[in-house]
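# A look at the structure
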Amino acid sequence: QVQFVESGGGLVQPGGSLRLSCAASGFTFGSVIMGWYRQAPGKERELVARIFSAGSRTDYADSVKGRFTISRDNAKATVYLQMNSLKPEDTAVYYCNRAGGTSFAAWGRGTQVTVSS
């Protein structure tokens with residue numbers, strides 16, 4: 001079955017950096033557009049970055065463009081999110097899932113990112 005295990009979150013000061021990882025299983029990872037999503041308290045889940053299957057194209061939400069970088073390792077079925085210049089408004093639970101068409105019904109537990117001084 002489809003599974004995602006996100007890790008790498010934590011508490012960081014404004015301006016700091018974190019690198020998130022998501023290990024995927026249960027589907028042909030290398031054929032799927034993958035994305036990182038986030039959900040802040042009281043808000044809907046939003047897609048913040050996606051990467052095409054070969055890694056040749058990436059797209060970002062305007063709110064994170066220039067600060068976040070998504071990458072993937074198809075051999076390890078893992079997708080990463082390097083987050084720099086973090087802001088308090090980046091505080092959320094971060095998830096990964098398919099980002100081309102509909103997402104998989106299964107979601108991981110996510111990883112909490114808190115940006116605060």
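Residues numbered from 1 in each chain as written. Predicted model: local features only at pLDDT ≥ 70, side-chain atom pairs only at ≥ 80, totals over all residues. Heavy atoms only, no water.

On a plain count of helices and strands, the chain comes out with zero helices and 10 strands. Shown N-terminal to C-terminal, the secondary structure of the chain runs as helices and strands in the order β-β-β-β-β-β-β-β-β-β. For the chain, the C-alpha radius of gyration of 13 Å lies close to 13 Å, the compact-globule estimate for 117 residues. The C-alpha extent of the chain, read off along each of the three principal axes, is 40 × 25 × 25 Å. The buried share of the chain, reckoned over its 117 residues, is 41%. Contacts spanning at least 24 positions in sequence make up 53% of the contacts within the chain whose residues lie at least 6 apart. Working note: accessible area of the chain is about 6,000 Å², and carbon and sulfur atoms make up 47% of it. (Helix = DSSP H or I, 4+ residues; strand = E, 2+ residues; numbered from the N terminus. Rg over C-alpha atoms; globule rule 2.2 N^0.38 Å. Buried < 20%, exposed > 50% of the residue type's maximum accessible area, 1.4 Å probe, protein only. Contact = heavy atoms within 4.5 Å. Areas by Shrake-Rupley, 256 points an atom, 1.4 Å probe, with all protein chains shown as cover.)

Let us look at the state of the cysteines. All told, the structure shown has one disulfide when counted by the stated rule. Bridging Cys22 to Cys96, the disulfide has an S-S length of 1.7 Å. Of this pair, Cys22 sits in strand β3 (residues 18–25) while Cys96 sits in strand β9 (residues 92–98), placing them 74 residues apart in sequence. Grouping residues by exposure puts Cys22 and Cys96 together as buried. (Disulfide = S-S within 2.5 Å.)

To continue, consider the sheet that holds β3. Ordered in space as β1-β3-β8-β7, the four strands form an open sheet in which the pairing is antiparallel. Edge positions in the sheet fall to β1 (3–7) and β7 (68–73), since each has one partner strand and no second. The average undirected angle you get between the axes of adjacent strands in this sheet is 15 degrees. Here β1 runs beside β3; their pairing, made up of five bridges, is antiparallel. Pairing of Phe4 across the sheet is with Ala24, part of β3. (Pairing = 2+ DSSP bridges. Axes fitted to C-alpha atoms, helices over the stretch in contact; angles between N-to-C directions.)

Moving on, we come to the sheet that holds strand β4 (residues 34–39). With mixed pairing, six strands are arranged side by side in an open sheet as β2-β10-β9-β4-β5-β6. The two strands at the open ends of the sheet, each matched to only one other strand, are β2 (10–12) and β6 (58–60). Shown here is a sheet whose adjacent strand axes are inclined to one another by a mean of 25 degrees, direction ignored. Relative to strand β5 (residues 46–51), β4 runs antiparallel, the two sharing five bridges. The residue bridging Gly35 from the neighbouring strand is Arg50, located in β5.

Residues Met34, Trp36, Val79, Leu81, Met83 and Tyr94 are the most contacted members of the largest nonpolar core, which totals 30 residues. With four residues, β3 is the largest single contributor of residues to this core. (Core = buried A, V, L, I, M, F, W, Y, C linked by side-chain atoms within 4.5 Å.)

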